[in-house]
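Reading the structure
Here's the letter readout for the chains.
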Amino acid sequence: MIRTYKVTYAIDSLDPNPTVKEFDEYNEMQDWIIDEVSHRVQWSVDHSPYSISEKDRQDLEQTEYSLINIKEL
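Residues numbered from 1 in each chain as written. Predicted model: local features only at pLDDT ≥ 70, side-chain atom pairs only at ≥ 80, totals over all residues. Heavy atoms only, no water.

Along the chain, I11 turns up in the loop between β1 (5–9) and β2 (19–23). On the basis of relative accessibility, which here comes to 61%, the residue I11 falls in the exposed class. Contact partners of I11, with chain neighbours within four places excluded, come to R40 and L67. (Helix = DSSP H or I, 4+ residues; strand = E, 2+ residues; numbered from the N terminus. Buried < 20%, exposed > 50% of the residue type's maximum accessible area, 1.4 Å probe, protein only. Contact = heavy atoms within 4.5 Å.)

This part is about the pattern of salt bridges. One pass over the structure, following the stated rule, counts four salt bridges. A salt bridge links E64 to R40, with the nearest nitrogen and oxygen atoms 3.8 Å apart. With E64 in helix α2 (residues 54–66) and R40 in helix α1 (residues 26–46), this residue pair connects regions lying 24 residues apart in the sequence. The same class applies to E64 as to R40, namely buried. Residue K55 pairs with D59 through a salt bridge whose shortest N-O separation is 3.0 Å. With K55 and D59 both in helix α2 and four residues apart, this pair spans about one turn of that helix. Taking relative accessible area as the criterion, K55 reaches 52% and is therefore assigned exposed. (Salt bridge = Lys/Arg side-chain N within 4 Å of Asp/Glu carboxyl O.)

And the structure:
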């Protein structure tokens, strides 16, 4: 049985137009999520006017992962 995964990734909790992607392979989906979270966290770190501690970075990562919804189709 072939499984398809639908990933919805919002910019914030009120995002009316989140990014939606479908993947045929779990590993491909997982790689995309890891890359996208890393990219968004790095953007936040790069554009922050304040110094970001490791704890702050982990909190940003946790927030990003909370904005992801995975549905198996």
